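Structural features, examined
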Amino acid sequence: MKADVLRLIRSTKEYMSLMALTEACKMSEDEIYNAVTQLMNMGYDIEYEEDKGFHLNSYPENITAVELMSRVKTEWAGKNVMYKKSTGSTNDDAKNLSGNKNAHGILVVTDHQTSGKGRRGRAWEDNGQGNIAMSLLLKPKCNPDQASRITLIMALAVADVLSQLTEGEVKIKWPNDVLVNKKKVCGILTEMGLDDKGNIDHVVVGVGINVNQKYFPEELNHASSLYIENDEVTSARSDIILGVMDYFEYYYGMFEEFGDLSHIVSMYESYLINKDEKVKVLDPKGEYTGTATGINDFGELIVQKDDGGFARVDSGEVSVRGVYGYV
Ligand code: ATP
């Protein structure tokens, strides 16, 4: 409700009349005044002139569900937002919403994720100093063995947005890390829930972006943030979230339409830090080295092995590193 009112008020540079608001939001005049008062209490500077209506002078920089929902331009991705000041894991929160009727596209966002997860039991650290931790809940129609492709779609969406925010070099380390100047600024964790027939019930794509973190502990020596790379605070975290939703929805639409990643392969490869580089493939069945030549339509990394032949590396159980370190 509040988000609808705010969306309309901010949709014009002029004034939004009370009558237009009551009609468009299907709310009474009292309900509109009430919503505006609540928005003003949240820090929105809304001016009211009796003969003209409402005008938004400025808005607070903090992330809230109302702010995101009043500005989102997508059809479904992030249309419904659950915001928490602090939470253990946004992936777990999103998973808990998977039984909702309109679950597809729900976005859970927090200012501080205290038990963020990485792949295979690893942790995602977030010190709560102005970063982004969010999880998008999906109800995909694809088969379980195709779900890992969604990670690549999200990585591409994040890379597109970060490229607009830094002059640093934005790259993707296949499959799920987005780097700025060869340092990890974003990690993505995709988790899937199956129904009792073995079909996908839901997929949750978790995204952690280091936005304003100033320091990292020594053990995270390959981590960085936009703040560190740009040498300035990024105040527009909502813009980042909304931008990622926009790009994700667009690329995901292509994935749904074509059933594979054929339409994003070249874009993904333009960011791929491993492309034509020596890599070490940490396969539980046996490590090997080779040269990564790109990805295929299924999101697998193609590696020309040093000892001959090509390998198609599936992201599921495998990690890829540079031969001498992280990349
Ligand atoms: P893989 O190639 O297997 O994905 P990874 O090291 O990228 O390996 P992830 O599971 O994607 O692993 O991410 C978790 C890892 O990311 C942690 O083990 C840690 O090394 C690193 N990490 C944790 N928090 C952060 C952070 N805020 N910023 C950057 N890196 C982090």
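Rules of the game
- One numbering rule holds for all chains: residues counted from 1, following each sequence as written.
- Reporting of local features is limited, given that this is a predicted model, to residues whose pLDDT is at least 70; pairs of side-chain atoms are given and counted only at 80 or more, and all residues count toward the totals for whole chains, interfaces and linings.
- Here the side-chain values reflect all heavy atoms present in the structure, with hydrogen atoms and water set aside.
- To obtain an axis, a line is fitted to C-alpha atoms, over the contacting stretch when the element is a helix, and the angle between two such axes runs from 0 to 180 degrees between their N-to-C directions.
- Numbering of helices and strands runs from the N terminus; a helix is a DSSP stretch of H or I covering at least four residues, while a strand is a stretch of E covering at least two.
- Roughly parallel here means an angle under 35 degrees, roughly antiparallel means over 145, roughly perpendicular means 65 to 115, and every remaining angle is called oblique.
- Helix crossings fall into two classes, left-handed where the near helix is turned counterclockwise from the far one by less than a right angle and right-handed where it is turned clockwise.
- We call two residues in contact when some of their heavy atoms are within 4.5 Å.
- Each residue is assigned to one of three groups, with Ala, Val, Leu, Ile, Met, Phe, Trp, Tyr, Cys and Pro labelled nonpolar, Asp, Glu, Lys and Arg labelled charged, and all others, Gly among them, labelled polar.
- Whether a residue is buried, partly exposed or exposed follows from its accessible area with a 1.4 Å probe, protein chains only, as a fraction of its type maximum: under 20%, in between, or over 50%, in that order.
- A pair of strands is considered paired only if DSSP assigns at least 2 bridges between the two.
- Between 30 and 60 degrees the pair is tilted, below 30 it is stacked and above 60 it is edge-to-face, where a pair is any two Phe, Tyr or Trp rings, Trp via its six-membered ring, whose centres lie within 6.5 Å.
- Definition used: whenever NZ (Lys) or CZ (Arg) falls within 6 Å of the ring centre and also within 35 degrees of the ring normal, the charge is taken to sit over that ring.

1. Quick look at the packing of helix α1 (residues 2-10) against helix α2 (residues 18-25)
- Axis separation between α1 and α2 bottoms out at 10 Å; the angle between their running directions is 135°. Compared by their axis directions, α1 and α2 come out oblique. For the crossing formed where α1 meets α2, the hand is right-handed. Taken together, the residues of α2 that come into contact with α1 (itself represented by Asp4, Val5, Leu8 and Ile9) are Leu21, Ala24 and Cys25.
- For the contact of α1 with α2, the per-class residue count stands at 6 nonpolar, no polar and 1 charged.

2. Structural notes on the environment of Leu137
- Positionally, Leu137 belongs in strand β7 (residues 132-138).
- Leu137 gets classed as buried once you look at its relative accessible area, which sits at 0%.
- Linking Leu137 and Glu67, residues 70 residues apart in sequence, is a C-alpha distance of 19 Å.
- Apart from residues lying up to four places away in sequence, Leu137 is in contact with Ala94, Leu97, Ser98, Ala103, His104, Gly105, Ile106, His202, Val203 and Val204.

3. What to know about the sheet that holds strand β16 (residues 319-322)
- Spatially, β15-β14-β13-β12-β16 is the arrangement adopted by the 5 strands of the open sheet, whose pairing is antiparallel. At either margin of the open sheet sits one strand with a lone partner, and together these are β15 (310-313) and β16. Shown here is a sheet whose adjacent strand axes are inclined to one another by a mean of 45°, direction ignored.
- Bridge count for strand β13 (residues 288-295) against strand β14 (residues 301-305) is 5 bridges, and the pairing is antiparallel. If you follow Ile295 over to β14, its bridge partner there is Leu301.

4. What to know about the packing of aromatic side chains
- The full count for this structure, using the stated rule, is 8 aromatic pairs.
- Ring geometry for Trp76 versus Tyr252: centroids 5.5 Å apart, planes at 65°, classification edge-to-face. Separated by 176 residues along the polypeptide, Trp76 in the loop between α4 (65-71) and β3 (81-87) and Tyr252 in helix α8 (residues 237-258) bring together distant segments of the chain. The pair Trp76 / Tyr252 is uniform in exposure class, with both members buried.
- Following the ring pairs from residue to residue traces out a cluster consisting of Trp76, Phe248, Tyr252 and Phe255.
- When the ring centre of Tyr227 is taken as reference, the NZ or CZ atom of Lys214 above it lies at 4.8 Å.

Remember, this is a structural readout, not a statement about activity or role.
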